Amino acid sequence: DAILLGHISNSISYFGSATLLVLAGLVGSLVNVSRIYQVTRDLSFFDQGMTAESFTLCFALLTLIMALCFFAFTYALRKMAYTFALLGGLQASPAHSEETRIMGEQAAIVLTEAVRSINNGIRGFYYAIAALFLFSGPYVCIAATIIITAILYYRQMLSPTARAIAAYVAAL
């Protein structure tokens, strides 16, 4: 259990660090967004009708999405630290007592919430990709958002993995 939880914690740290690097790049780029706007005018896949103001808003939206991803990952890491503390407290309790059962259930809830925060951060990456399509135009972005939402819906609700997890939870 400790090895698996440690691996999850390391994965959260990796995603959080990677997100922080991307976020730092985006925030740094916001300072020179007018220069970036001028450079993108020569790229064929960018919406040539986009104004500098709307370009800045799209860039700011992408930065906001990545900031929310970063917050989700850091909150997941914090929840994992709480989980470790709660699991550490289980050793001090008698194995088959009512208190131990309650403590185990509460630790499971905190761990579940940590995993939910990880998933929110990863979903944010998907929607950041959809937000990138804003630079190609609103209709392209709408199509990308619908496609990404469909992919996420399939993976969360209809995939073999999702069905297996649902069956596992139902068996609990």
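As a starting point, this report considers the structure included with it. This structure is a prediction, so every number in the text was calculated from the model and none was measured.

Here's the deal with the packing of helix α5 (residues 138-158) against helix α6 (residues 160-171)
Logical step 1: The interhelical angle for the contact between α5 and α6, taken along N-to-C directions, is 35°, at an axis separation of 5 Å. Contacts between α5 and α6 involve Tyr154, Arg155, Gln156, Met157 and Leu158 from the first element and Pro160, Ala162 and Arg163 from the second.
Logical step 2: When the residues that make up the contact of α5 with α6 are grouped by side-chain class, the tally is 5 nonpolar, 1 polar and 2 charged.

Structural notes on the pattern of salt bridges
Logical step 1: According to the stated counting rule, one finds 3 salt bridges in the structure shown.
Logical step 2: The shortest N-O distance in the salt bridge between glutamate 113 and arginine 116 comes to 2.5 Å. Highlighted residues: glutamate 113 and arginine 116, both in helix α4 (residues 98-132), separated by 3 residues, approximately one helical turn.
Logical step 3: Judged by relative accessible area, which is 29%, glutamate 113 ranks as partly exposed.
Logical step 4: Exposure remark for arginine 116: the relative accessible area of 43% places this residue in the partly exposed category.
Logical step 5: Among the ionic contacts, a cluster of salt bridges with common partners joins Glu98, Arg101 and Glu105.

Quick look at the nonpolar core
Logical step 1: One finds Phe55, Phe59, Leu62 and Phe135 to be the most contacted residues of the largest nonpolar core, which totals 27 residues.
Logical step 2: Here this core takes 12 residues from helix α3 (residues 52-90), the largest share from any one element.
Logical step 3: Each residue touching phenylalanine 55, except ones within four places of it in the same chain, is listed here: Val33, Ile36, Tyr37, Thr40, Phe46, Met50 and Phe135.

Thoughts on the packing of aromatic side chains
Logical step 1: Under the counting rule described, the total for this entry stands at 12 aromatic pairs.
Logical step 2: When the ring of phenylalanine 59 is compared with that of phenylalanine 135, the centres are 6.3 Å apart and the planes differ by 65°; the resulting orientation is edge-to-face. Taken as a pair, phenylalanine 59 in helix α3 and phenylalanine 135 in the loop between α4 and α5 lie far apart in primary sequence, 76 residues in all.
Logical step 3: The class of phenylalanine 59 is buried, set by a relative accessible area of 9%.
Logical step 4: Residue class for phenylalanine 135 comes out buried when judged on its relative accessible area of 6%.
Logical step 5: Ring geometry for phenylalanine 73 against phenylalanine 125: centres 6.1 Å apart, planes inclined by 55°, an arrangement best described as tilted.

Focus: a nonpolar patch on the surface
Logical step 1: A surface patch of nonpolar side chains, amounting to about 390 Å² of accessible area, comprises Leu61, Leu64, Leu68 and Phe71.
Logical step 2: Tracing the backbone through its elements, the reader meets leucine 68 in helix α3.
Logical step 3: A residue is classified by how much of its surface remains accessible, and leucine 68, at 51% relative accessible area, is exposed.

As for the packing of helix α1 (residues 2-31) against α3
Logical step 1: Two elements in contact, α1 and α3, have axes separated by 9 Å at closest approach and are oriented at 155°. One finds that α1 runs roughly antiparallel with respect to α3. In this structure, α1 crosses over α3, and the sense of that crossing is left-handed.
Logical step 2: When the residues that make up the contact of α1 with α3 are grouped by side-chain class, the tally is 23 nonpolar, 6 polar and no charged.

Considering α5
Logical step 1: Given a rise of 1.5 Å per residue, 21 residues ought to cover 30 Å, and the 29 Å separating the end C-alpha atoms of α5 matches this to within 8%.
Logical step 2: Along α5, the positions that sit buried rather than exposed are Cys141, Ala144, Ile148 and Leu152. Each buried residue of α5 sits inside an arc of 65° when the element is viewed along its axis, so together they form one side. Turned more than 90 degrees from where α5 packs its buried face, Tyr139, Ile146, Ile147 and Met157 sit exposed.

Focus: the environment of lysine 79
Logical step 1: For lysine 79, the location among the structural elements is in helix α3.
Logical step 2: Setting aside residues no more than four positions away along its own chain, lysine 79 makes contact with Val110, Glu113, Ala114 and Ser117.

What counts and what doesn't
- Numbering of residues starts from 1 in every chain and runs along the sequence as written.
- Selection of residues for local features in this predicted model requires a pLDDT of at least 70, selection of side-chain atom pairs for listing and counting requires 80 or more, and totals for whole chains, interfaces and linings are taken over all residues.
- Where side-chain values are given, they derive from all heavy atoms of the structure, hydrogens and water being excluded.
- Only the stretch in contact is used when a helix axis is fitted, and all axes are lines through C-alpha atoms; the angle between N-to-C directions ranges over 0 to 180 degrees.
- A run of H or I in DSSP becomes a helix once it reaches four residues, and a run of E becomes a strand once it reaches two; helices and strands are each numbered from the N terminus.
- For this analysis, residues touch if any pair of their heavy atoms sits within 4.5 Å.
- Nonpolar residues are Ala, Val, Leu, Ile, Met, Phe, Trp, Tyr, Cys and Pro. Charged residues are Asp, Glu, Lys and Arg, and all others, Gly as well, are polar.
- Salt bridge, as applied in this entry: a Lys or Arg side-chain nitrogen positioned within 4 Å of an Asp or Glu carboxyl oxygen.
- Each residue's exposure class comes from its accessible area (1.4 Å probe, protein chains only) as a fraction of the maximum for that residue type: buried when under 20%, exposed when over 50%, partly exposed otherwise.
- Residues enter a nonpolar core if they are buried and are Ala, Val, Leu, Ile, Met, Phe, Trp, Tyr or Cys, with the set joined through side-chain atoms within 4.5 Å.
- Put simply, two rings from Phe, Tyr or Trp (the six-membered ring, in Trp's case) pair if the centres are within 6.5 Å, and we call them stacked under 30 degrees between planes, edge-to-face over 60, tilted for the rest.
- Only residues above 30% relative accessible area that lack a salt bridge enter a patch, with like-charged residues linked at up to 9 Å and the nonpolar side chains Val, Leu, Ile, Met, Phe, Trp and Tyr linked at up to 5 Å.
- Only the protein chains shown count as cover for residues, and the accessible areas themselves come from Shrake-Rupley with a 1.4 Å probe.
- Every angle not falling under 35 degrees, over 145, or within 65 to 115 is termed oblique; those three ranges are roughly parallel, roughly antiparallel and roughly perpendicular.
- Each crossing gets its handedness from the near helix: less than a right angle anticlockwise from the far helix is left-handed, clockwise is right-handed.
- The span expected for a helix works out to 1.5 Å for each residue beyond the first.
- In this description, the arc belongs to the directions extending from the helix axis to the C-beta atoms.

That is the geometry; function is a separate question.
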